[in-house]
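Take a look at the letters that make up each chain.
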2 protein chains.
Amino acid sequence: RNNLRKALNAIHEGFFLSNYKELHLFLVGVGNVGKSLLQQIQNQREVLMNDLRLKINLIGVANSRTMCIRPEGIEPAIYEEALKKGEPYDINQYMDKIFDLNVRNSVFIDCTGNEVIASSYGKLFEHYVSVVTANKIACSSEYSLYKSLKENAKEHGVRFMFETNVGAGLPVINTINDLIRSGDKILKIEAVVSGTLNFIFNVLSEDVPMSKAIRLAKEKGFSEPDPRLDLSGTDVVRKLIILARESGYPIEKEDVAIQTFLPKDCFEGSMDEFWNKVETLDASFEAERKKLAAQGKKWRFIAQLDNGKPSIGLQSVDSKHPAYDLEGSNNIIMFTTARYFEQPMVIKGYGAGAEVTAAGVFADIIRVANV
Amino acid sequence: RNNLRKALNAIHEGFFLSNYKELHLFLVGVGNVGKSLLQQIQNQREVLMNDLRLKINLIGVANSRTMCIRPEGIEPAIYEEALKKGEPYDINQYMDKIFDLNVRNSVFIDCTGNEVIASSYGKLFEHYVSVVTANKIACSSEYSLYKSLKENAKEHGVRFMFETNVGAGLPVINTINDLIRSGDKILKIEAVVSGTLNFIFNVLSEDVPMSKAIRLAKEKGFSEPDPRLDLSGTDVVRKLIILARESGYPIEKEDVAIQTFLPKDCFEGSMDEFWNKVETLDASFEAERKKLAAQGKKWRFIAQLDNGKPSIGLQSVDSKHPAYDLEGSNNIIMFTTARYFEQPMVIKGYGAGAEVTAAGVFADIIRVANV
């Protein structure tokens, strides 16, 4: 206790002397999101130093082939050059280098979708390294892993942040945290969290049958290269699991009731077989769509948590439903809570895209510094 | 630099040994919001200790008559008893006691609407005390005060939080911060931030003329005791100023173009005169309302920031406008930014009320601890 007070006094002095806070970043993943993030850091570094007295030091960068750690710092703008001069990528060696450096206020940033990386956050926490991740895997696999990671981070006084796991840059996870911590109870979540699926159901029309809508989503880069990964709802399940767990419900993947809108055999076989199968379904989708339209309704692929029960599936909503007017590939998340009871709290906007996701990651990073 | 590292090492050890973080709270204002906050703290203290390893100590409570500081802590549930045994209230003495105690991680919480208190945040920062405030005055008076307070807090490494100043518990200020810090530009804000006015325009109908709508708002406790404070748009101007400033526009009150919907003479004279005047306007409001309704439109009192130009006033919106369906006394805030460009980011929900405001204050407090 006495040590702590001494330390805090010293901190205040130290801070007052240096007059700024520092973060040391170790990034892995320089795909669209990672690249956007580096760009944003490059553009904002001076502003953050001037406005927030926050110094951002990029110390490490890695992709799946190469890694580079430079204690003196890497200019975000020339990260590619740094990577060229780097060493072959090895996640264990990358982490060992971070631990050897042993710089306080270190933040590991995961902009991959990699499972191995997701499984090593625990080791980072044990070395007092905070983790900011756009990677959904850690928080959406077994509950025990999610729980132990959160515990582990807390035990070591570091942060574990994953705001972008649901809704990209939209304030979703932080909002749930604020509600829960202040004692609110999340009674119901209704959400459209797949931009891809929302796009598909928005373009569906007399002229655009289901197969064409899916093709469009793929062409415009809204879907995964294999659109079945979106159509199966796998990504929506992951997001719902994270929403539910953050809301205090210890659910597992198996607890989610999944209603896909394509028959099971669509998800088996080659892509060619898939397109053939979907085309045979175009007519029946169109007949159903017409019927709904005549009733003033639209399809929305909704993830729901109702009294702790998670489910995903297609719902037909009328113009009174907040998701009815959900444009393009937008997301919407509605929270009904003990305090937001008669009218839910609603958050709406782009829920995907490199720039807004990178911005969400960046905001998480800055939050680690608590400025 | 070396001192800082030593301090940080000691901090980590200290944290690891004690294994929890602590906050010391000094509250002023135990009206509806303050009372609700104390209730929430009482209910959540154990949860926060168990789940977040955050120990919340209420050290001081004050209202406009009495103040009480107990270094050993005050049970939130029996704050009234503590106040009864307290001393006569004096803000300077209250603050001096806080400074004498000199406890690290001190947080001053302002749940008043008091101007004198708002003007003394600077002194708190200088003594390394963070401020969490539901009081809009400091951030909405002269820009120079707002700016100097933010600077002052940063200089001393403490937090200045006022999320509840706009939209109560809705994630508004934090969201703007996240956008701006990551390099986004706020191009336009459109917002309904007066629950009172939204209620009035929602109940307006053939059977409920303007004068009755205002009376209802007053009766239901949605308006100030003198409803003219709401009708004049004063509160909306304050909120818009804060939104604009946080968005990076250094505006003053005089910059806001204000279009009131009641003639100027309504705001002069006694309440009785006011009611008489409004009643003479009922017929013309109803005629106008009918015309709008025939066009499928509704009135909304909208605060707007367009390319740095702030304005407030009544707008008629059609069913395509996101505020058209805004129920009851709800708020809506829409951000059009460089990144959320074709579709704005939208946040909607209750924007007033003791419980949700207290929850927002509580979330701000917890954010100071950075857990």
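Cut-offs and rules
Residues numbered from 1 in each chain as written. Chains lettered and ligands numbered in written order. Predicted model: local features only at pLDDT ≥ 70, side-chain atom pairs only at ≥ 80, totals over all residues. Heavy atoms only, no water. Phe/Tyr/Trp six-rings, centres within 6.5 Å; stacked < 30°, edge-to-face > 60°. Helix = DSSP H or I, 4+ residues; strand = E, 2+ residues; numbered from the N terminus. Buried < 20%, exposed > 50% of the residue type's maximum accessible area, 1.4 Å probe, protein only. Contact = heavy atoms within 4.5 Å. Buried area = accessible area lost by both parts, 1.4 Å probe. Salt bridge = Lys/Arg side-chain N within 4 Å of Asp/Glu carboxyl O. Polar contact = N/O pair within 3.5 Å; in protein donor to acceptor, adjacent residues only side chain to side chain. Nonpolar A, V, L, I, M, F, W, Y, C, P; charged D, E, K, R; others polar. Pairing = 2+ DSSP bridges. pLDDT = per-residue confidence, 0-100. Axes fitted to C-alpha atoms, helices over the stretch in contact; angles between N-to-C directions. Least-squares fit on C-alpha atoms with pLDDT ≥ 70 in both. Arc of directions from axis to C-beta. Parallel < 35°, antiparallel > 145°, perpendicular 65-115°, else oblique.

A. Spotlight on the packing of aromatic side chains. Considering all chains together, one arrives at 26 aromatic pairs over all chains under this definition. Ring centres of Tyr143 of chain A and Tyr146 of chain A lie 5.7 Å apart, and the angle between their planes is 45°; on these two criteria the pair is classed as tilted. Taken together, the residues span about one helical turn, with Tyr143 of chain A and Tyr146 of chain A both in helix H8 (residues 143–155) at a distance of three residues. As far as burial versus exposure is concerned, Tyr143 of chain A and Tyr146 of chain A are alike and both buried. Taking the centre distance of 4.9 Å and the plane angle of 55° together, the rings of Phe160 of chain B and Phe162 of chain B count as tilted.

B. Region of the structure containing unusual backbone geometry. Residues and elements named next belong to chain B. Located in the positive-phi region is Asn105, a residue other than glycine, with phi close to 60°. Relative to the helices and strands, Asn105 resides in the loop between helix H4 (91–101) and strand S5 (106–110). Note on Asn105: relative accessible area 35%, which makes it partly exposed.

C. Geometry of the interface of chain B and chain A. Taken together, the contacts link 66 residues of chain B with 66 residues of chain A. Roughly 6,200 Å² is buried in total at the junction of chain B and chain A, and carbon and sulfur atoms are behind 53% of that figure. Applying the counting criterion to the chain B and chain A interface returns 10 salt bridges. Among the ionic pairs, Arg53 of chain A bridges to Glu155 of chain B, the shortest N-O distance being 4.0 Å. Applying the counting rule to chain B against chain A returns 26 residue pairs in polar contact (both at pLDDT 80 or more). Ranked by residues supplied to the side of chain B that touches chain A, first place goes to helix H1 (residues 2–18) of chain B with 12 residues. Here the residues of the side of chain B that touches chain A are counted per class, giving 28 nonpolar, 18 polar and 20 charged. In the sheet, strand S13 (residues 345–350) of chain A pairs with strand S13 (residues 345–350) of chain B via three bridges, with the strands oriented antiparallel.

D. Local environment of the confidence of the model for chain A. Of the residues in chain A, 95% have a pLDDT of 70 or more, and the chain-wide mean is 94. Scoring of the predicted complex yields 0.94 for pTM and 0.93 for ipTM.

E. Representation of the pairing of strand S12 (residues 330–337) of chain A in the model. Residues and elements named next belong to chain A. The element S12 is extensively covered by neighbouring structure, given that eight of its eight residues are classed as buried. Burial along S12 is two-sided: the residues Asn330, Ile332, Met334 and Thr336 and Asn331, Ile333, Phe335 and Thr337 are all buried. Here six bridges tie S12 to S13, and the two strands are oriented antiparallel to one another. Across the sheet, the residue bridging to Asn330 is Tyr350, located in S13.

F. Examining the sheet that holds strand S8 (residues 186–192) of chain B more closely. Read across the sheet, 12 strands follow the order S9(A)-S11(A)-S10(A)-S8(A)-S12(A)-S13(A)-S13(B)-S12(B)-S8(B)-S10(B)-S11(B)-S9(B) without closing on themselves; strand pairing throughout is mixed. On the outer flanks of this sheet lie strand S9 (257–258) of chain A together with strand S9 (257–258) of chain B, each paired with one strand and no other. Docked against the sheet, helix H10 (residues 195–203) of chain A engages strand S8 (186–192), strand S10 (297–306), strand S11 (309–318) and S12 of chain A, running at close to 155° with respect to S10 of chain A.

G. Spatial organisation of the relation of the copies chain B and chain A. Superposition record for chain B on chain A: RMSD 0.0 Å, screw rotation 180°, translation along axis 0.0 Å. What we have between these two chains is a two-fold relation.

H. Local environment of helix H11 (residues 210–219) of chain B. Residue and element names in this part refer to chain B. Within H11, the full set of buried residues consists of Met210, Ser211, Ala213, Ile214 and Ala217. The arc enclosing the buried residues of H11, seen along the axis, measures out at 165°, which places them on a common side. Contact partners of the buried residues in H11: helix H10 (195–203), helix H12 (228–231) and helix H14 (271–294).

I. View of the environment of Val129 of chain B. All names here are of chain B. As for its position among the elements, Val129 is in the loop between helix H6 (121–126) and strand S6 (130–133). Here the alpha-carbon distance between Val129 and Phe108, two residues 21 residues apart in the chain, equals 6.7 Å. With sequence-adjacent residues up to four places away left out, Val129 is seen in contact with Ile98, Phe99, Ser106, Val107, Phe108, Leu124 and Val158.

J. Quick peek at the pattern of salt bridges. Tallied over the entire structure, the rule returns 34 salt bridges over all chains. Between Glu355 of chain B and Arg339 of chain A there is a salt bridge; the shortest N-O distance is 3.4 Å. Here the residue Glu355 of chain B occupies a position in helix H15 (residues 354–369), and Arg339 of chain A occupies one in the loop between S12 and S13, the pair thus bridging two chains. Beyond isolated ion pairs, a larger network of salt bridges with shared partners links Arg53 of chain A together with Glu151 and Glu155 of chain B.

K. Structural detail: the packing of H11 of chain B against H14 of chain B. Residue and element names in this part refer to chain B. Their axes nearest at 7 Å, the elements H11 and H14 cross at an angle of 125°. Between H11 and H14, the angle is such that the two are oblique. For the pair H11 and H14, contact is made by Met210, Ser211, Ile214, Arg215 and Lys218 and by Phe274, Trp275, Val278, Glu279, Asp282 and Phe285, respectively. Residue composition of the contact of H11 with H14, by class: six nonpolar, one polar and four charged.

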